[in-house]
Amino acid sequence: MKNETKMSTSLSNMPRKNAFNVPNGYFEELPTAVLAKCSVSKVKKEHFLVSKPLWWSVAACGLLLLGIWFVVPNTAPSSSSLLAEHDFYVAEIWSDYLAQRVCPFIIEEELFASNIEFTPFWEEFTPEELWAYDDFLTYAEFYLFYDFYDY
Amino acid sequence: MNEDVLIQQLRCENSRNFAFRQLMQQEQEKTYRLIRRMVIDHDDANDLTQATFIKVFEKINEFEGKSKLSTWIYRIAVNETLNFLRHKRRKLFVPIVDVERQLSNKIDTGSNFTGDEIEKKLQKAILTLPEKQRLVFNMRYYESVKYEEMSEILGTSVGALKASYHIAEEKVERILKSD
């Protein structure tokens, strides 16, 4: 067997036979199968713009968009309301700043002048509270004088 | 049947189906065998043969008659086969060797392959060749297609095809003689 294999392992010695088999009657049935597919593809071949499913889906999408437009309320804030909200917060921070940083000294001076006993406002708070409050005011200051005006 | 008459009948609505059956009887076996040797599996070869002839049926009006009808059909079959193999390669995301190894395994396990050990060895050796070289080898070795016709099918010069076949033949011989 090995000798036989070695003898014929040259292309010139090998018989050019077809070793790939096909099922029985395959070539007799192939033309009919192909022709059946050809007629199916011929029927299917219509332009995509003419196809009914396309127009139905376009109509459905249109209706859906109309529904969304009318039913869902427009909740997005307008730019003018956003500006008004911004101004309100700025005014609030600004008034807080004036009240806590500038006004107490004015009030203290007035109190000194009138010889009325008073407790300075920083003595009403613990040092931690004062630090935290100072941080807040520094942030507010930065926001008001740098972030807001410089840009 | 004369080829010109056959083409005329294929272009005429009334005689189209009859002429197409005639054409298929002439060309189907040769076309199938070429495809089968490239893809090994019968089901794949069947799909590709059907796809080839469906294209022939649909595009017959575009056939200009510059080459023989059989050459044109061969050209479609070759394109379909190469596209199929490329698609398979892309789908698997694996290097070339793995697809060829897959095909080689089909020779061992496929029920429709009846060749002996030597024939199996030959087919596996052919599978080691690059795609186009494999096509050239199969066309020349098994179907004895002329280089001129091959040149029209593959769009390559006769000289390049001769060189390609020679290299392929040497490589296959070398593999067959090894071990």
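A few points on the structure. (Residues numbered from 1 in each chain as written. Chains lettered and ligands numbered in written order. Predicted model: local features only at pLDDT ≥ 70, side-chain atom pairs only at ≥ 80, totals over all residues. Heavy atoms only, no water.)

## Details of the overall build of chain A
Across its full length, chain A carries five helices and zero strands. Within chain A, the proportion of its 151 residues that are buried is 17%. Counted over contacts in chain A with a minimum sequence separation of 6, partners at least 24 positions apart contribute 58%. Taken as a whole, chain A presents about 12300 Å² of accessible surface, with 66% of it coming from carbon and sulfur. (Helix = DSSP H or I, 4+ residues; strand = E, 2+ residues; numbered from the N terminus. Buried < 20%, exposed > 50% of the residue type's maximum accessible area, 1.4 Å probe, protein only. Contact = heavy atoms within 4.5 Å. Areas by Shrake-Rupley, 256 points an atom, 1.4 Å probe, with all protein chains shown as cover.)

## Side note on the environment of Asn138 of chain B
Residue and element names in this part refer to chain B. Position of Asn138 relative to the elements: it lies in helix H7 (residues 131-141). A C-alpha to C-alpha distance of 7.1 Å links Asn138 and Leu34, two positions 104 residues apart in sequence. In contact with Asn138, not counting residues within four places along its chain, are Arg37, Met38, Ile126 and Glu143.

## Concerning the nonpolar core
With 65 residues, the main nonpolar core has Phe20, Leu69, Leu122, Phe137, Met139 and Val172 of chain B as its most contacted residues. Setting aside residues no more than four positions away along its own chain, Phe20 of chain B makes contact with Val34 and Leu35 of chain A together with Leu10, Phe53, Val56 and Phe57 of chain B. (Core = buried A, V, L, I, M, F, W, Y, C linked by side-chain atoms within 4.5 Å.)

## Quick look at the interface of chain A and chain B
Facing the 30 residues of chain A at the interface are 40 residues of chain B. Summed over both partners, the interface of chain A with chain B comes to about 3400 Å²; 63% of that surface belongs to carbon and sulfur atoms. In terms of surface lost to chain B, no three residues of chain A exceed Leu11, Phe20 and Phe27 of chain A, which account for 22% of the buried area on that side. Inspection of the region where chain A meets chain B yields zero salt bridges. Only helix H1 (2-8) and helix H2 (26-44) of chain A provide two or more residues apiece to the side of chain A that touches chain B. Counting residues per element, the side of chain A that touches chain B draws most heavily on H2 of chain A, which supplies 12 residues. Of the residues assigned to the side of chain A that touches chain B, the class counts are 15 nonpolar, nine polar and six charged. (Buried area = accessible area lost by both parts, 1.4 Å probe. Salt bridge = Lys/Arg side-chain N within 4 Å of Asp/Glu carboxyl O. Nonpolar A, V, L, I, M, F, W, Y, C, P; charged D, E, K, R; others polar.)

## Quick look at the environment of Leu135 of chain B
All names here are of chain B. Looking at the element boundaries, Leu135 is found in helix H7. Residues Leu135 and Leu34, 101 residues apart in the sequence, show an inter-C-alpha distance of 8.1 Å. In contact with Leu135, other than residues within four places in its own chain, are Leu34, Met38, Val78, Leu82 and Leu154.

## Focus: the packing of helix H6 (residues 117-127) of chain B against H7 of chain B
All names here are of chain B. Relative orientation of the contacting elements H6 and H7 amounts to 140°, with a least axis distance of 9 Å. With respect to H7, the element H6 is oriented oblique. Contact residues: H6 offers Leu122, Ile126 and Leu127, while H7 offers Arg134, Phe137, Asn138 and Tyr141. Among the residues making up the contact of H6 with H7, the classes are represented as five nonpolar, one polar and one charged. (Axes fitted to C-alpha atoms, helices over the stretch in contact; angles between N-to-C directions. Parallel < 35°, antiparallel > 145°, perpendicular 65-115°, else oblique.)

## Re the pattern of salt bridges
Residues and elements named next belong to chain B. Inspection of every chain in the model, using the stated rule, returns six salt bridges over all chains. One salt bridge connects Glu64 with Lys66, and the closest N-O pair in it is separated by 3.1 Å. Of the residues examined, Glu64 reaches a relative accessible area of 62% and is grouped as exposed. In this structure, the salt-bridge partner of Lys177 is Glu173, at a minimum N-O distance of 3.6 Å. With Lys177 and Glu173 both in helix H9 (residues 158-177), this residue pair falls four residues apart, about one helical turn. Owing to a relative accessible area of 57%, Lys177 belongs among the exposed residues under this scheme.

## Points about helix H3 (residues 42-59) of chain B
Residues and elements named next belong to chain B. With 18 residues, H3 extends 25 Å between its outermost C-alpha atoms, agreeing within 8% with the 26 Å of an ideal straight helix rising 1.5 Å per residue. All buried positions along H3 are accounted for by His42, Asp44, Ala45, Asn46, Leu48, Thr49, Gln50, Thr52, Phe53, Ile54, Val56 and Phe57. Where H3 begins, one side-chain oxygen reaches toward the backbone nitrogen of Asp43, 3.4 Å away; that side chain belongs to Asp41. (Expected span 1.5 Å × (residues − 1). Polar contact = N/O pair within 3.5 Å; in protein donor to acceptor, adjacent residues only side chain to side chain.)

## Things to note about the packing of aromatic side chains
Tallying each qualifying case throughout the model produces 10 aromatic pairs over all chains. Measuring from ring centre to ring centre gives 5.4 Å for Phe27 of chain A and Tyr32 of chain B, while their planes differ by 85°; the resulting arrangement is edge-to-face. In this pair, Phe27 of chain A sits in helix H2 while Tyr32 of chain B sits in helix H2 (residues 16-39), so the two residues belong to two different chains. Their ring planes at 85° and their centres at 5.0 Å tell us that Phe20 of chain B and Phe57 of chain B sit as a pair that is edge-to-face. (Phe/Tyr/Trp six-rings, centres within 6.5 Å; stacked < 30°, edge-to-face > 60°.)

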